[in-house]
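# Structural features, examined
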Amino acid sequence: PSGVLLLEGRDGVVWKDHVRNCAPCHLPNVDGTMDPSLAIVRASLRCMLCGSAGQAARMLVCDRCSRGWHMSCLTPPIDVIPAGRWVCPRCTS
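About the criteria used
- Note that residues are indexed from 1 along each chain, following the sequence as it is written.
- Local features are withheld for residues below a pLDDT of 70 in this predicted model, meaning they are given only at 70 or higher, and side-chain atom pairs are given and counted only at 80 or more; totals for whole chains, interfaces and linings count all residues.
- As a rule here, side-chain values cover all heavy atoms of the structure and leave hydrogens and water aside.
- Starting at the N terminus, helices and strands are each numbered in turn, a helix being any DSSP run of H or I of at least four residues and a strand any DSSP run of E of at least two.
- As used in this structure description, the phrase polar contact means that two N or O atoms lie within 3.5 Å; if the pair is within protein, one of them must be able to donate a hydrogen and the other to accept it, and residues adjacent in sequence are counted only when both atoms belong to side chains.
- Residue contacts follow a heavy-atom distance rule, with two residues in contact if any of their heavy atoms lie within 4.5 Å.
- Here the nonpolar core consists of buried residues drawn from Ala, Val, Leu, Ile, Met, Phe, Trp, Tyr and Cys, with membership extended through side-chain atoms lying within 4.5 Å.
- Exposed residues in this analysis have more than 50% of their type's maximum accessible area, buried residues have under 20%, and partly exposed residues fall in between, with area computed by a 1.4 Å probe over protein chains only.
- Here the rule is simple: two strands pair whenever DSSP picks up at least two bridges between them.

For the protein, an unreviewed UniProt entry supplies the name PHD-type domain-containing protein and the organism Marchantia polymorpha.

Here's what the structure looks like:
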């Protein structure tokens, strides 16, 4: 009713902002891509396959569902962080 939104980013940071300062994510002119070199994986993010929250530097985060996947847990394992967008096995099937 007041127009104030409580927002949470993929990194878990929460902030408040007024609705007039926010753009709905479904707009075609909003660029939802992220530079992978700027991404910080939360230390508490668990791998969807092994369930471990360790090895954040070797964790890929799906660009669709934001779930974490260790590169070594994937079949086949991935040795190099992919350039650009990455979609997990669950979202591609």
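Read on, since the account is not over.
So, about the side chain of Asp63. Mapped onto the elements of the fold, Asp63 is located in the loop between strand 3 (59-61) and strand 4 (68-70). A polar contact is formed between the side chain of Asp63 and the backbone nitrogen of Trp86, at a distance of 2.6 Å. For Asp63, the residues in contact, after removing those within four places along its chain, are Arg10, Gly84, Arg85 and Trp86.

What follows is about the nonpolar core. Counting residues in each nonpolar core, the largest one holds seven residues, listed as Leu60, Cys62, Trp69, Met71, Leu74, Trp86 and Cys88. Dropping the residues within four chain positions of it, Leu74 is found in contact with Leu49, Leu60, Trp69, Trp86 and Pro89.

Our next topic: the pairing of strand 1 (residues 4-8). Looking at chain direction, strand 1 and strand 2 (residues 14-18) are connected through five bridges and run antiparallel. The residue of strand 2 that forms the bridge with Val4 is His18. Where strand 1 hands over to strand 2, the hairpin turn is made up of five residues, of which Gly12 adopts a positive phi near 90°.

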